[in-house]
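# Survey of secondary and tertiary structure
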Amino acid sequence: MNQTPLNAIALFVALLSGSILVGPIFNIAPEIPFTFAAIVLGLAVADTFGYQGKGMTLFLDGFARLSPQYRQRVIHHEAGHFLTAYLLDLPITGYTLTAWEALQQGGGQGGVCIETPVDFSETSAAEQVERYCTVWMAGGVAEDLVYKAVEGGKNDLQQLRQTLNRLKMNVKVHERQAGNRARQMIRANWDAYEALVQAMTDRKSVAECRQILGQHCSAAV
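Just so it is clear, the structure is predicted and the values come from calculations on it, not from any experiment.

### Thoughts on the overall build of the protein chain
- When you go through the protein chain residue by residue, the secondary structure sums to 10 helices and two strands.
- N-terminal to C-terminal, the α/β element order of the protein chain is α-α-α-α-β-α-β-α-α-α-α-α.
- Burial statistics for the protein chain: of 221 residues in total, 40% are counted as buried.

Shown next, in the form of structure tokens:
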């Protein structure tokens, strides 16, 4: 289940409690916040359990993207995924930078779209999973390199950990190794990364982004 709408509901309940406490100061009848709460919480619960929280995600995503700083952080995050996937020769089929774009394309919350095997076979799991783990870690790593802090990537970590657990691989070890590989790859191709950030800011196509990376990238590490 999407954690975003659940967090939003918890925040709303906290704000509602505060409004009830200060309501008498501003002569606000207690029925007003309760009625409003019942309507909003009803819609939020219906959205969470009926639409996997997509409505709330779209609302929060649209509100957050009013900030140019937030939009740039998203692009820097996704560029980390795109660059490492390119270097590791994984098939990139597209990318989205907003929840609305992702919904239009039938996806989740947005991001770089990579053809992922339905399941990793036992014989090829070790090699395959290392490549995908590197890409999953690369968004947060890119954020950390640029902003010295990571705000996104919870879904990436969840996917990585679920995959490693399913394959009975050491989560902490492989997560750390994948993060180190992603950091090394991005640093070694920093000019390519910055060019890709600009290309994604300009909403270049996947083919155009790949062409730009081909002009800047060194070999994968």
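### Notes on the pattern of salt bridges
- All told, the structure shown has five salt bridges when counted by the stated rule.
- In this structure, glutamate 143 and arginine 73 form a salt bridge, with 2.6 Å as the shortest nitrogen-oxygen distance. In this pair, glutamate 143 is assigned in helix 6 (residues 125-147) and arginine 73 in helix 4 (residues 68-87), connecting sequence segments 70 residues apart. You'll find glutamate 143 and arginine 73 in the same group, each marked buried.
- Linking glutamate 175 and arginine 161 is a salt bridge whose minimum nitrogen-to-oxygen distance equals 2.9 Å. Of the two residues, glutamate 175 sits in helix 8 (residues 171-188) while arginine 161 sits in helix 7 (residues 154-166), which places them 14 residues apart along the sequence.

### A few points about the packing of helix 4 against helix 10 (residues 206-216)
- Running from amino to carboxyl end, helix 4 crosses helix 10 at an angle of 70°, the nearest separation of the two axes being 11 Å. Classified by the angle their axes make, helix 4 and helix 10 are roughly perpendicular. As for the relative orientation of helix 4 and helix 10, their crossing is right-handed in sense. For the pair helix 4 and helix 10, contact is made by Phe82, Leu83 and Tyr86 and by Val206, Cys209, Arg210, Leu213 and Gly214, respectively.
- Along the lines of polarity and charge, the residues of the contact of helix 4 with helix 10 split into six nonpolar, one polar and one charged.

### Some details on the side chain of threonine 84
- Here threonine 84 lies in helix 4.
- Since its relative accessible area comes to 0%, threonine 84 is described here as buried.
- Separated by 2.9 Å, the side chain of threonine 84 and the backbone oxygen of glycine 80 make a polar contact.
- Filtering out sequence-adjacent residues up to four positions away, threonine 84 remains in contact with Thr134, Val135, Ala138, Ala182, Met185 and Ile186.

### Things to note about helix 9 (residues 190-201)
- Here helix 9 contains 12 residues, and its C-alpha end-to-end distance of 16 Å stays within 8% of the 16 Å for a straight helix at 1.5 Å per residue.
- The set of residues buried in helix 9 consists of Ala192, Tyr193, Ala195, Leu196, Val197, Ala199 and Met200.
- Of the residues flanking the end of helix 9, it is arginine 203, one or two places downstream, whose phi is positive at about 60°.

### Some remarks on the packing of aromatic side chains
- Tallying each qualifying case throughout the model produces three aromatic pairs.
- Judged by centre distance (6.2 Å) and plane angle (80°), the ring pair of phenylalanine 82 and tyrosine 95 falls under edge-to-face. A residue pair is termed long-range when its members are at least 10 positions apart, and phenylalanine 82 in helix 4 and tyrosine 95 in strand 1 (residues 92-96) qualify at 13 residues.
- You can call tyrosine 95 buried: its relative accessible area is 10%.

Rules used throughout
- Residues numbered from 1 in each chain as written.
- Predicted model: local features only at pLDDT ≥ 70, side-chain atom pairs only at ≥ 80, totals over all residues.
- Heavy atoms only, no water.
- Helix = DSSP H or I, 4+ residues; strand = E, 2+ residues; numbered from the N terminus.
- Buried < 20%, exposed > 50% of the residue type's maximum accessible area, 1.4 Å probe, protein only.
- Salt bridge = Lys/Arg side-chain N within 4 Å of Asp/Glu carboxyl O.
- Axes fitted to C-alpha atoms, helices over the stretch in contact; angles between N-to-C directions.
- Parallel < 35°, antiparallel > 145°, perpendicular 65-115°, else oblique.
- Left-handed = near helix turned anticlockwise from the far one by under 90°.
- Contact = heavy atoms within 4.5 Å.
- Nonpolar A, V, L, I, M, F, W, Y, C, P; charged D, E, K, R; others polar.
- Polar contact = N/O pair within 3.5 Å; in protein donor to acceptor, adjacent residues only side chain to side chain.
- Expected span 1.5 Å × (residues − 1).
- Phe/Tyr/Trp six-rings, centres within 6.5 Å; stacked < 30°, edge-to-face > 60°.

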